[in-house]
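Letter by letter, the chains look like this.
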Amino acid sequence: MTDFFKGIPQIRFEGAESDNEFAFRHYNPDEMLAGKRMEDHLRFAVAYWHSFAWPGGDPFGGQTFERPWFGDSMALARMKADVAFEMFDILQAPFFCFHDADVRPEGADFAENTRNLEEIVDYIGTKMEGSKTRLLWGTANLFSNRRFMSGAATNPDPEVFAWSAATVKTCMDATQRLGGENYVLWGGREGYETLLNTDLARESEQMGRFLSMVVDYKHKIGFKGAILIEPKPQEPSKHQYDYDVATVYGFLKRFGLENEVKVNIEQGHAILAGHSFEHEIALAASLGIFGSIDMNRNDYQSGWDTDQFPDSVPEMARAYYEILRAGGYTTGGTNFDAKIRRQSLDPEDLILAHVGAMDVCARALKAAAALLEDGGLEANRQARYAGWDTPENRALLSSDLASIEARVRAEGINPQPRSGRQERLENLWNRFV
Ligand code: XUL
Ligand code: CO
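Residues numbered from 1 in each chain as written. Chains lettered and ligands numbered in written order. Predicted model: local features only at pLDDT ≥ 70, side-chain atom pairs only at ≥ 80, totals over all residues. Heavy atoms only, no water.

Novice: Could you give an account of the overall build of the chain, naming the residues involved and the relevant values?
Specialist: When its secondary structure is counted, the chain shows 16 helices and 14 strands. Against the globule reference of 22 Å for 433 residues, the chain gives a C-alpha radius of gyration of 24 Å, in line with a compact fold. For the C-alpha atoms alone, the extent of the chain along its principal axes is close to 80 × 60 × 45 Å. A buried classification covers 50% of the 433 residues belonging to the chain. Taking the intrachain contacts of the chain between residues at least 6 apart in sequence as the baseline, contacts between residues at least 24 apart amount to 76%. With an accessible surface of roughly 20500 Å², the chain has 51% of that area assigned to carbon and sulfur atoms. (Helix = DSSP H or I, 4+ residues; strand = E, 2+ residues; numbered from the N terminus. Rg over C-alpha atoms; globule rule 2.2 N^0.38 Å. Buried < 20%, exposed > 50% of the residue type's maximum accessible area, 1.4 Å probe, protein only. Contact = heavy atoms within 4.5 Å. Areas by Shrake-Rupley, 256 points an atom, 1.4 Å probe, with all protein chains shown as cover.)

Novice: Go over the packing of helix 6 (residues 158-177) against helix 7 (residues 200-221), please, and point to the residues and values.
Specialist: In contact at an axis separation of 11 Å, helix 6 and helix 7 are set at 30° when each is read in the N-to-C sense. Classed by the angle they form, the pair helix 6 and helix 7 counts as roughly parallel. Note that helix 6 runs across helix 7; the crossing there is right-handed. Residue-level contacts link Phe161, Ser164, Ala165, Val168, Lys169, Met172, Asp173 and Gln176 of helix 6 to Gln206, Phe210, Met213, Val214, Tyr217, Lys218 and Ile221 of helix 7. Residue classes in the contact of helix 6 with helix 7 are distributed as nine nonpolar, three polar and three charged. (Axes fitted to C-alpha atoms, helices over the stretch in contact; angles between N-to-C directions. Parallel < 35°, antiparallel > 145°, perpendicular 65-115°, else oblique. Left-handed = near helix turned anticlockwise from the far one by under 90°. Nonpolar A, V, L, I, M, F, W, Y, C, P; charged D, E, K, R; others polar.)

Novice: I'd like a description of the sheet that holds strand 7 (residues 134-139), backed by residues and values.
Specialist: As summarised here, the arrangement of the eight strands in space is 5-6-7-8-10-12-13-14, forming a closed barrel in which the pairing is parallel. Between one strand axis and the next, the sheet turns through 30° on average, direction left out of account. With respect to the sheet, helix 7 is in contact with strand 8 (182-185), strand 10 (226-229) and strand 12 (261-266), its orientation differing from that of strand 10 by roughly 160°. (Pairing = 2+ DSSP bridges.)

Novice: Break down the domain arrangement of the chain for me, with residues and values.
Specialist: For an interface, size is often stated in terms of accessible area lost upon the parts coming together. Along its sequence, the chain is carved into domain 1 (12-372) and domain 2 (379-432). On a C-alpha basis, the centres of domain 1 and domain 2 stand 40 Å from each other. (Domains from an automatic or database assignment.)

Novice: I'd like to hear about the coordination of the cobalt ion (ligand 2), residue by residue, with values.
Specialist: Note on metal geometry: ideal angles are 109.5 degrees for four donors arranged tetrahedrally and 90 or 180 degrees for six donors arranged octahedrally. Donor atoms from the polypeptide that coordinate the cobalt ion (ligand 2) comprise Glu230 (OE), Glu266 (OE), Asp294 (OD) and Asp337 (OD), at 1.9 to 2.1 Å from the metal. All donors of the cobalt ion (ligand 2) belong to a single chain; written as a sequence motif, their spacing is E-x35-E-x27-D-x42-D. Separated by 64 residues along the polypeptide, glutamate 230 in the loop between strand 10 and strand 11 (239-240) and aspartate 294 in strand 13 (residues 290-294) bring together distant segments of the chain. Take glutamate 230 and aspartate 294: they sit in the same class, and that class is buried. (Donors = N, O, S within 2.8 Å, 3.2 Å for Na, K, Ca; no water.)

Novice: Go over the layout of surface pockets, please, and point to the residues and values.
Specialist: Any empty space left between atoms is shown by rolling a water-sized probe over those atoms. In this structure, the second largest pocket occupies an estimated 540 Å³ of space. What lines the second largest pocket is a set of 14 residues, and nearest its centre among them are Arg318, Glu322, Leu377, Arg381 and Leu425. Of all the elements in the fold, those that place two or more residues in the lining of the second largest pocket are helix 11 (313-325), helix 13 (376-384) and helix 16 (422-432). When residues of the lining of the second largest pocket are sorted by domain, at least three fall in each of domain 1 (12-372) and domain 2 (379-432). (1 Å grid on protein atoms, 1.4 Å probe; cavity = no way out; pocket = protein on both sides within 12 Å on 5 of 7 lines; lining within 4 Å. Points joined across faces, edges and corners; volume = space filled by probe spheres on them.)

See the structure below:
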């Protein structure tokens with residue numbers, strides 16, 4: 001037991017009227033909703049990196065947080081894991097997520113990195129035996145160390161490609177060892193800073209081969225989880241290849257991986273790509289590649305990836321409506337890839353950020369489930385396309401232009417515009433949210 005969270009009680013559901021700061025008002029894990037427990041719908045995960053590894057820096061200043069586990073030794077890495085599991089317990093978090101670099105100190109070479117990772121993964125495995133918290137996903141940090149400055153899989157230097165591939169193997173092994181339900185790839189440096197020095201054809205070929213090897217290795221070790229790509233258009237690179245869901249889908253198709261890999265969609269990344277979060281979720285679901293979400297927003301004025309905890313029920317309701325429509329998560333979940341602000345120095349801030357975010361998501365989920373149960377929106381959507389239900393209209397899709405012309409002439413087809421009813425649907429939406 002560390003004393004980092006001393007005096008902070010385990011958070012319990014007390015209902016909307018509670019005035020206890022350290023309580024859930026809406027997140028009630030056992031409450032049944034659309035046939036499932038709320039906890040099983042939301043599948044919340046704590047992100048190791050922002051909560052336990054981030055020192056509080058921004059582009060203009062360095063560390064603001066003072067944490068007793070900051071430093072580069074295995075002893076401190078174990079203390080960090082102790083504190084992490086104490087927080088998971090306070091929150092009763094069903095899941096966590098980590099990068100290799102979050103949990104182990106950087107070694108002098110690949111062998112030491114791997115030794116450190118294996119040792120701490122064993123330690124985390126022991127902690128998990130006494131905890132309800134499971135691993136939602138593991139991943140490799142192929143972006144922070146300077147060796148990755150020109151990319152990992154897409155690096156012009158084949159030695160960096162090799163290092164990255166070997167590292168991903170060790171991280172997939174670690175994820176498998178801890179029973180992870182997914183393995184994530186986020187390509188923060190897979191892109192370019194300038195086209196003046198970049199060979200696009202070569203880099204995308206490298207990236208396709210790299211991902212194919214990841215999928216092959218998954219099958220080789222019998223990893224049952226999903227492989228997920230996390231799209232993001234830019235930042236840190238000027239341009240990143242996994243720009244958004246549509247771009248990732250095209251890439252997967254090109255390399256024949258569209259049935260092997262899904263997406264982990266982050267709200268802030270969707271915004272950076274000029275999309276709404278719900279657009280990205282709905283598109284992924286329509287393409288059959290929806291996997292999981294990173295539930296952290298950006299500040300709409302600052303224009304960069306601020307990774308804030310969600311605070312808007314209406315925004316989240318749009319997202320959960322699309323997730324429920326898609327049938328909910330299978331291996332995925334709601335990962336708070338979110339950091340407290342650099343002025344939020346207190347241990348309480350870390351806990352209450354998660355409590356608030358879990359309540360916002362729970363409230364949004366309840367609204368989305370009620371809307372879906374009401375059925376009004378879906379009935380309208382169905383009615384809008386009902387013309388396609390007749391055999392002769394369905395046949396249009398397997399016809400040809402000349403036959404269709406003949407039919408339009410013969411039947412005197414003359415389409416009459418109909419209302420899209422947007423405002424009426426918005427009114428319906430707002431009765432629930
Ligand atoms: C960065 C980001 C990452 C990924 C995992 O913007 O979202 O934390 O989620 O590497
Ligand atoms: Co993320």
